[in-house]
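Below, each chain spelled out in residue letters.
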Amino acid sequence: MNTATPIPRLENLLSPDPTGDRQNLLEGLLQPQASINPKFFYDDRGCELFTRICELDEYYPTRTEAGIFDRHAEDISRALRADPQWVDLGCGDCSKTRQWLEYVSPARVIGVDIAGDFLHACLANIADGYPELECVGVISDFTRQLDLQALLAEQPDNPPVFFYPGSSIGNFARPEAVRLLRRIRQHCGTRGQLLIGVDLVKPLAIVEAAYNDAEGVTAAFNLNVLAVANRLLDANFDASAFSHSAVYDPRNSRIEMRLTARRTHTVRFGTSAVRQFQRGEHIITEHSHKYTPAGFSLLLEEAGFTQRQMWTDPEYWFGVFLAEPRA
């Protein structure tokens, strides 16, 4: 009898475009208000630092969401479709999906992430523990393009449950967030669902401390993106010429992460461009939007969903929303 664990299947929907990525990075840095897309945070060093951030006392989102999942797991699982195709968007190490396998019996698990080798290894770990469960990896930048229709159609009787934890939706400006949610909605048919984690508006001191930790891990994470820019653009950023800051913008209900020039600093981008950053000038590296429950419900409606339920923590710092296609 063959008892070998099945090898997870991989679908590569990612069209590598290193030239386009470099151009995107350079264009952002040359704008009057310089910016860097937060996707450039996550080289090997950046991933290591972000893992440490999630363990910090000040960084409440990870543990608060985990507490909601632990406290309400049975209630949430009862609200989900039976035998779904569980689609983990930006699945990373798949640890959050693995925890849900105690409560949800999916027809299969579909992990979507941009890092193919890492994705395969993490799904293989799930497959080893659940040898009867089909695991499919999709290599894709789903924030730009999501095309899972053919894959989901292989099991038409099993509706998808899109799982998007971690409050990553907050990194998108409202128009971008609506576009992403609409792409998910287009995959839901009439019976699909979205289970999504959302960071809520809370006291200023709590939210600012989460992005300005005492150990300086977030600062190191933010400054590391300059090393990424140096590699990709043959640039000469001196990280010591910049300092990290994270400021709450109450008008837009968001944290703005910045790298601020400590002194005048001239940066050369290979032979293609030069920019001088004046003392006090800043580069925007990330926005992290915070929502009220009513505000996020309106966002869901604009994208074609209706909110079915929401679960939160005792302090009302974080929300887990279950949404379904609006009829």
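Residues numbered from 1 in each chain as written. Predicted model: local features only at pLDDT ≥ 70, side-chain atom pairs only at ≥ 80, totals over all residues. Heavy atoms only, no water.

(A) Layout of the overall build of the protein. In terms of regular secondary structure, the protein is built from 10 helices and 13 strands. Computed over the C-alpha atoms, the radius of gyration of the protein is 21 Å, within 12% of the 20 Å expected from 2.2 N^0.38 for a compact globule of 327 residues. Dimensions of the protein, computed from C-alpha atoms along their principal axes, come out at roughly 65 × 45 × 35 Å. Burial analysis of the protein (327 residues in total) assigns 50% to the buried set. For the protein, restricting intrachain contacts to residue pairs at least 6 apart in sequence, the fraction spanning at least 24 positions comes to 71%. Total accessible area computed for the protein in this model is approximately 15400 Å², and 49% of it derives from carbon and sulfur atoms. (Helix = DSSP H or I, 4+ residues; strand = E, 2+ residues; numbered from the N terminus. Rg over C-alpha atoms; globule rule 2.2 N^0.38 Å. Buried < 20%, exposed > 50% of the residue type's maximum accessible area, 1.4 Å probe, protein only. Contact = heavy atoms within 4.5 Å. Areas by Shrake-Rupley, 256 points an atom, 1.4 Å probe, with all protein chains shown as cover.)

(B) Region of the structure containing the UniProt feature "domain: Histidine-specific methyltransferase SAM-dependent" (unreviewed entry) in the protein. UniProt's entry tags residues 22–324 with the feature "domain: Histidine-specific methyltransferase SAM-dependent" (unreviewed entry), counted in the numbering of this structure. In residues 22–324, helix accounts for 37% and strand for 26%; the two terminal C-alpha atoms are 37 Å from one another. (UniProt positions renumbered as here; feature names shortened; annotations may be inferred.)

(C) Spatial organisation of helix 9 (residues 217–233). For helix 9, spanning 17 residues, the distance from its first C-alpha to its last is 25 Å, which sits close to the expected 24 Å at 1.5 Å a residue. Along helix 9, the residues that are buried comprise V217, T218, A219, F221, N222, N224, V225, L226, V228, A229 and L233. (Expected span 1.5 Å × (residues − 1).)

(D) Spatial organisation of the nonpolar core. Of all hydrophobic cores here, the largest spans 38 residues; its most connected members are L29, F237, F242, F269, F277 and I283. When residues of this core are traced back to their parent elements, those giving at least two are helix 1 (18–30), helix 2 (44–53), helix 8 (204–210), helix 9, strand 7 (242–249), strand 8 (254–261), strand 9 (265–269) and strand 10 (273–277). Excluding its chain neighbours within four sequence positions, the residues that come into contact with L29 are A34, S35, I36, A229, L233, F237, F269, R275, F277 and I283. Among the nonpolar cores identified, the runner-up in size contains 33 residues, and I110, L151, I196 and F305 belong to it. (Core = buried A, V, L, I, M, F, W, Y, C linked by side-chain atoms within 4.5 Å.)

(E) Main features of the sheet that holds strand 7. One open sheet accounts for three strands, arranged 7-8-11; its pairing is antiparallel. One side of each edge strand has no neighbouring strand; the edge strands of this open sheet are strand 7 and strand 11 (282–289). Averaged over all pairs of adjacent strands, the angle between strand axes in this sheet comes to 20 degrees, irrespective of strand direction. One ladder, built from eight bridges, connects strand 7 with strand 8; its direction is antiparallel. Each residue of the ladder has a partner; that of S245, found in strand 8, is R258. (Pairing = 2+ DSSP bridges. Axes fitted to C-alpha atoms, helices over the stretch in contact; angles between N-to-C directions.)

(F) Highlighting the sheet that holds strand 13 (residues 318–325). Overall, mixed pairing links the eight strands, which are arranged 1-4-3-2-5-6-13-12 in an open sheet. Edge positions in the open sheet fall to strand 1 (9–12) and strand 12 (305–312), since each of these has one partner strand only. For this sheet, the mean angle separating the axes of adjacent strands, direction not counted, is 20 degrees. Most of the contacts of helix 5 (residues 116–129) go to strand 4 (residues 134–139), to which it runs at about 170 degrees, and overall it touches strand 1, strand 3 (108–113) and strand 4. Sitting on the sheet, helix 10 (residues 293–302) touches strand 6 (193–199), strand 12 and strand 13, and the angle it makes with strand 12 is about 150 degrees.

(G) Expanded view of the pairing of strand 12. Judged from the seven bridges that link them, strand 12 and strand 13 form a sheet pairing that is antiparallel. Its bridge partner being in strand 13, F305 is matched across the sheet by P325. In this structure, the hairpin formed by strand 12 and strand 13 is closed by a connection of five residues, where Y316 is found at a positive phi of approximately 65 degrees.

(H) Looking closely at the side chain of T312. Note on placement: T312 falls in strand 12. Owing to a relative accessible area of 16%, T312 belongs among the buried residues under this scheme. Among the polar contacts listed, one links the side chain of T312 to the side chain of D313, at a separation of 3.4 Å. A distance of 2.6 Å separates the side chain of T312 from the backbone oxygen of F318, its partner in a polar contact. (Polar contact = N/O pair within 3.5 Å; in protein donor to acceptor, adjacent residues only side chain to side chain.)

(I) Inspection of the pattern of salt bridges at higher detail. Taken as a whole and judged by the stated rule, the model has 20 salt bridges. One salt bridge in this structure joins R254 and D249, with 3.8 Å as the shortest N-O distance. For R308, the salt bridge identified is with E324, shortest N-O distance 2.9 Å. In this pair, R308 sits in strand 12 while E324 sits in strand 13, placing the two residues 16 residues apart along the sequence. (Salt bridge = Lys/Arg side-chain N within 4 Å of Asp/Glu carboxyl O.)

(J) Layout of the pairing of strand 3. For strand 3, the tally of buried residues reaches six of six residues, placing the bulk of the element in the interior. Alternating positions in strand 3 separate into two faces, R108, I110 and V112 on one and V109, G111 and D113 on the other, with burial throughout. As defined by bridge partners, strand 2 (residues 85–89) adjoins strand 3 across five bridges and the pair is classed as parallel. If you follow L89 over to strand 3, its bridge partner there is V112. Read from strand 2 through helix 4 (residues 95–100) to strand 3, the crossover connection turns out right-handed. Bridging between strand 3 and strand 4 involves six bridges; their strand directions are parallel. If you follow D113 over to strand 4, its bridge partner there is I139. The β-α-β motif built from strand 3, the intervening helix 5 and the parallel element strand 4 has right-handed crossover chirality. (Right-handed = clockwise from strand over helix to strand, strands pointing away.)

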